[in-house]
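Each chain, letter by letter, is given below.
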Amino acid sequence: MTEMKKRFLLIGLVLVLVLGASALVGCGSTDDTASTDQSEVSTNEESTGMVLVEPGVLTVGSDCDYPPFIAMEGEQVTGFEYDLLEAMCEEMGLTLKFLPPQNFDSILASVDQGTKMDLGASSFTITPERKELVDFSDPYFDSNQACVAMKDAGFESAMDLDGKKVGSQSGTTGSDWVKENLPNAELVEYNTASDALAALQAGQIEAAFIDEPVAAEMVAKTYTDAEVVAAIPTGEQYGFAVAKSNPGLLQVVNDALATVMNNGTYAEIFARYFDFEPTLP
């Protein structure tokens, strides 16, 4: 072998060794970073005592059919609750993830099981009955009920519907109010508030009972031939649902909610969706 060939072989061998060492160093750096990130997530969860379905991610279940609080625009979840949770996740150091739309009356049971979702966000009114199954965050919205009917129906108050066929979303406080206050009404329960209003529009029921801010939004933008006949002062408050077995997460959620309420973020988000002042701080 000539001297020139020996030199070329030597240079080639050196290059192979250098490039191989660089690749090993690069891989080691990436693995170390991933391990560090995962370690930080694990440490954060251990220090707070919260348990998550997916590390570093707040997995949320919602029916996503309650504008302006929560709704779908194409494949994207939008609304007041979405924006609020996004801001809270920034404070918690978590990534926000919404599951595909769920049936409203199955969400609390799923939250309780703790295997599918960490938190329920569907404008849940905090009630003693629901608190037997799950824990709730501090309130983030004050609400009432509303009676919705067609504009030419001639009803003047919610009590005019006693003895009539009416609708509401299954498992909601709207259904509870009808059962408690209109004993002679025939109640039909629907999967979503939209289904109830579509049935009203089709003449299948004579009124629908829905949370007041949602009713106002829907008759203003979608069901414009209907109207809010009466607001019903029920003094409800919404809260995010968390499993009773996850007090660490509940504390972190409440801390983040308090932070965004106190630093002006809550008021900023509120103003995007409502033309009145929030009653909560």
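Residues numbered from 1 in each chain as written. Predicted model: local features only at pLDDT ≥ 70, side-chain atom pairs only at ≥ 80, totals over all residues. Heavy atoms only, no water.

Thoughts on the sheet that holds strand β3 (residues 70–73)
Ordered by their spatial adjacency, 3 strands build an open sheet running β2-β3-β4, and the pairing between neighbours is antiparallel. Each having just a single partner strand, β2 (65–66) and β4 (76–78) make up the two edges of the open sheet. Two strands pair when backbone bridges link them, and β3 and β4 are joined in this way by 3 bridges, in the antiparallel orientation. In the strand pairing of β4, Glu73 is matched with Gln76. (Pairing = 2+ DSSP bridges. Helix = DSSP H or I, 4+ residues; strand = E, 2+ residues; numbered from the N terminus.)

Section: the sheet that holds strand β13 (residues 241–242)
The 5 strands lie next to each other as β5-β1-β6-β13-β7, forming an open sheet whose pairing is mixed. A strand with exactly one partner marks an edge of an open sheet, and here the two such strands are β5 (95–98) and β7 (135–136). By the bridge criterion, 4 bridges tie strand β1 (residues 57–61) to β5 in an arrangement that is parallel. When the sheet's bridge partners are listed, Val57 is paired in β5 with Thr95.

Side note on the pairing of β3
Pairing of β2 with β3, which is carried by 2 bridges, proceeds in the antiparallel orientation. Bridge pairing in β3 links Asp65 to Ala71. With antiparallel pairing between neighbouring strands as the criterion, β3 and β4 make up a hairpin whose turn holds 2 residues, including Gly74 at a positive phi of roughly 70°.

A look at the environment of Arg130
Here Arg130 lies in helix α4 (residues 128–131). Sequence spacing of Arg130 and Leu108 is 22 residues, and the spatial spacing of their C-alpha atoms is 8.0 Å. For Arg130, the residues in contact, after removing those within four places along its chain, are Phe104, Leu108, Phe124, Thr125, Phe136, Gly171, Thr172 and Thr173. At a separation of 2.8 Å, a polar atom in the side chain of Arg130 contacts the main-chain carbonyl oxygen of Gly171. (Contact = heavy atoms within 4.5 Å. Polar contact = N/O pair within 3.5 Å; in protein donor to acceptor, adjacent residues only side chain to side chain.)

Observations regarding the environment of Lys151
Mapping Lys151 onto the fold places it in the loop between β8 (141–150) and β9 (165–169). Classification of Lys151 as exposed rests on a relative accessible area of 51%. (Buried < 20%, exposed > 50% of the residue type's maximum accessible area, 1.4 Å probe, protein only.)

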